[in-house]
Amino acid sequence: QVQLVESGGGLVQIGGSLKLSCAASRTIFNFNSMAWYRQAPGKQRELVAEYPLTGSRYYLDSVRGRFTLSRDTAKNTIYLQMNSLQPEDTAVYYCNAKNRNEIPPSDYWGQGTQVTVSS
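Criteria and thresholds
Residues numbered from 1 in each chain as written. Predicted model: local features only at pLDDT ≥ 70, side-chain atom pairs only at ≥ 80, totals over all residues. Heavy atoms only, no water. Helix = DSSP H or I, 4+ residues; strand = E, 2+ residues; numbered from the N terminus. Buried < 20%, exposed > 50% of the residue type's maximum accessible area, 1.4 Å probe, protein only. Pairing = 2+ DSSP bridges. Core = buried A, V, L, I, M, F, W, Y, C linked by side-chain atoms within 4.5 Å. Contact = heavy atoms within 4.5 Å.

**So, unusual backbone geometry**
Cis geometry is adopted by the peptide bond preceding Pro104, which originates at Ile103 and carries an omega value of -5°. Locating Pro104 in the fold gives a position in the loop between strand E9 (91-99) and strand E10 (106-109). One non-glycine residue, Asn76, adopts positive backbone phi at about 55°.

**Description of the pairing of strand E8 (residues 77-82)**
For E8, the buried fraction is high: 5 of the 6 residues fall into the buried class. Bridge analysis of strand E3 (residues 18-24) against E8 gives 6 bridges, and the strand direction is antiparallel. When the sheet's bridge partners are listed, Lys19 is paired in E8 with Gln81. Direction of pairing for strand E7 (residues 67-72) relative to E8: antiparallel, over a ladder of 6 bridges. Residue pairing across strands places Thr68 opposite Gln81, the latter belonging to E8. As consecutive antiparallel partners, E7 and E8 are separated by 4 residues, and within that stretch Asn76 has a phi angle of approximately 55°, a positive value.

**Some details on the nonpolar core**
Grouped together as the largest cluster of nonpolar side chains are 31 residues, with contacts concentrated most on Leu4, Met34, Trp36, Leu80, Met82 and Tyr93. If you list the elements that add at least two residues to this core, you get E3, strand E4 (33-39), strand E5 (46-52), E7, E8, E9 and strand E11 (113-118). Non-local contacts of Leu80, meaning those with residues more than four positions away in its chain, are made with Leu18, Lys19, Leu20, Trp36, Val48, Ala49, Phe67, Thr68, Leu69 and Tyr93.

**Details of the pairing of E5**
Pairing of E4 with E5, which is carried by 6 bridges, proceeds in the antiparallel orientation. Across the sheet, the residue bridging to Ala35 is Glu50, located in E5. Turn length for the E5-strand E6 (residues 58-59) hairpin, with the two strands adjacent in sequence and antiparallel, is 5 residues, and the turn residue Gly55 shows positive phi of about 105°.

**Overview of the environment of Gln13**
Along the chain, Gln13 falls in strand E2 (residues 10-13). Leaving out residues up to four positions away in the same chain, Gln13 has contacts with Leu85, Val117 and Ser118.

**Some remarks on the environment of Ala49**
Within the secondary structure, Ala49 sits in strand E5. Classification of Ala49 as buried rests on a relative accessible area of 0%. Between the alpha carbons of Ala49 and Cys95 there is a distance of 9.9 Å; along the sequence they are 46 residues apart. Beyond its immediate sequence surroundings of up to four residues, Ala49 is in contact with Ala35, Trp36, Tyr58, Tyr59, Leu69 and Leu80.

As structure tokens, then:
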């Protein structure tokens, strides 16, 4: 069973930065992709950034240029560096991993970490 553990959320002022971490319980090479989603109160969960095992990284238009995905395969961890944070970035951020090699295909989620941006 796969576990994803997020950390790095918190309270930050407008224009500040945070770095989120998502540690997986097994090698991230087992996943077809890993991603960060976010959900603000009263709104739908949305894809923020996705890091496929192969291929190009995806970023939501509103975060492109401010957020950056990276990974450390030795630590089974992906990161989301968030710069120039705005109030609209306030949400619970969730780590996601997909594995299409399993039957049935698996979709794993972390517990979420709160990001709050204030003036």
